[in-house]
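Descriptive structure summary
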Amino acid sequence: PLLDPLLELRGIRAAHERITVLHGVDLSVATGQVVALLGPNGAGKTTTLRVAAGVHPVDAGQLRLAGRDMTGADPRDLARAGVCLIPEGRGVFPNLSVRDNLLMMTFTGRSREEIEEIAFARFPVLKQRSSQPAGTLSGGEQQMLALARGLATDPAVLLLDELSMGLAPLVVARLYEQVAEIARQGVAVLVVEQFAAAVLDIADHAAVLVRGRVQRQGHPDGGLRAELSALYLGSSA
Ligand code: ATP
């Protein structure tokens, strides 16, 4: 709140097939912050991330990056400005080795050595796995690889969609500790989750999206957690 927002969504309205699914979403993320966007299935969380990455069109409102209006900007311009989306399902290439998944990120201009150094420093297990096909890694390791590929782009804004999908709670908790570290080193992180528990432990701010509207946002304190449980999340929140 006292920090300048790096990524800012102001009154975002967006549709799928002419049906409005976001009805004026306001959300901002500052450098060093983890913001959690939570909500039930179909609330519009993924659409919000896609808007932030410039891959989904906006019907009204503004997308701002470091104070600049980027509404309608080409996704390439947003990527060049440091916006990195890690989609649900992680987007790693299962038939390529870990090393080759990382090697592909040399399109960023970084050398293989630099990329491996970044990846293995943050996720040492990837070094042990480097010659294995990515598809043979555990779900948590695949998510680490996806994050490592994202880090290779030197992101200013990291957009994470359902990082916890299909992973055991302990694995998710460890991944979120790494995400918090990544944020602290100077990245604005926006995380989408349907089930909230682990991300609320590290989030600086949380917003609850219901049917395309931010129903509540604030510090992920007891009040917000209680409201989430009451809303839809059951005991896991
Ligand atoms: P999920 O957890 O299922 O990903 P979400 O909160 O991320 O849910 P979105 O995927 O953003 O929600 O979807 C928001 C709304 O838009 C939903 O009602 C969904 O049915 C609709 N929708 C999403 N993708 C499409 C599409 N390609 N075509 C038509 N409608 C879509």
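Thresholds, definitions, all that
Residues numbered from 1 in each chain as written. Predicted model: local features only at pLDDT ≥ 70, side-chain atom pairs only at ≥ 80, totals over all residues. Heavy atoms only, no water. Core = buried A, V, L, I, M, F, W, Y, C linked by side-chain atoms within 4.5 Å. Buried < 20%, exposed > 50% of the residue type's maximum accessible area, 1.4 Å probe, protein only. Helix = DSSP H or I, 4+ residues; strand = E, 2+ residues; numbered from the N terminus. Contact = heavy atoms within 4.5 Å. Near = heavy atom within 4 Å. Polar contact = N/O pair within 3.5 Å; in protein donor to acceptor, adjacent residues only side chain to side chain. Areas by Shrake-Rupley, 256 points an atom, 1.4 Å probe, with all protein chains shown as cover. Nonpolar A, V, L, I, M, F, W, Y, C, P; charged D, E, K, R; others polar. Pairing = 2+ DSSP bridges. Axes fitted to C-alpha atoms, helices over the stretch in contact; angles between N-to-C directions.

**Details of the nonpolar core**
- Of all hydrophobic cores here, the largest spans 47 residues; its most connected members are Leu-126, Leu-147, Leu-158, Leu-160, Tyr-176 and Val-189.
- It is helix α7 (residues 169-184) that provides the largest number of residues to this core, a total of 7 residues.
- Setting aside its immediate chain neighbours within four residues, Val-189 contacts Val-29, Gln-33, Val-34, Val-35, Leu-158, Leu-160, Val-179 and Ala-183.
- Counting residues in each nonpolar core, the second largest holds 29 residues, with Leu-9, Ala-43, Leu-49 and Val-192 among its members.

**Observations concerning the site of the ligand**
- Near the ligand, the surroundings consist of 14 residues, among which Asn-41, Gly-42, Lys-45, Thr-46 and Thr-47 are the closest.
- Contacts to the ligand include Gly-42, whose backbone N or O atom sits 2.8 Å from an oxygen atom.
- One of the backbone nitrogen or oxygen atoms of Gly-44 is found 2.9 Å away from an oxygen atom of the ligand.
- Starting from 620 Å² of accessible surface for the ligand in isolation, the protein chains cover 60%.
- Among the elements that take part in the shell around the ligand, helix α1 (residues 45-52) stands out by supplying 3 residues, more than any other.
- In the shell around the ligand, the residues fall into 3 nonpolar, 7 polar and 4 charged.

**Thoughts on the sheet that holds strand β1 (residues 5-16)**
- Spatially, the 4 strands line up as an open sheet ordered β2-β1-β4-β5, and their pairing is antiparallel. In this open sheet, the two strands that pair with only one neighbour each are β2 (19-30) and β5 (68-69).
- One ladder, built from 9 bridges, connects β1 with β2; its direction is antiparallel. Directly across from Pro-5, in β2, lies its bridge partner Ala-30.
- Strands β1, β2 and β4 (60-65) of the sheet are contacted by α1, whose axis makes an angle of about 120° with β1.

By themselves, these observations are geometric and do not establish any function.
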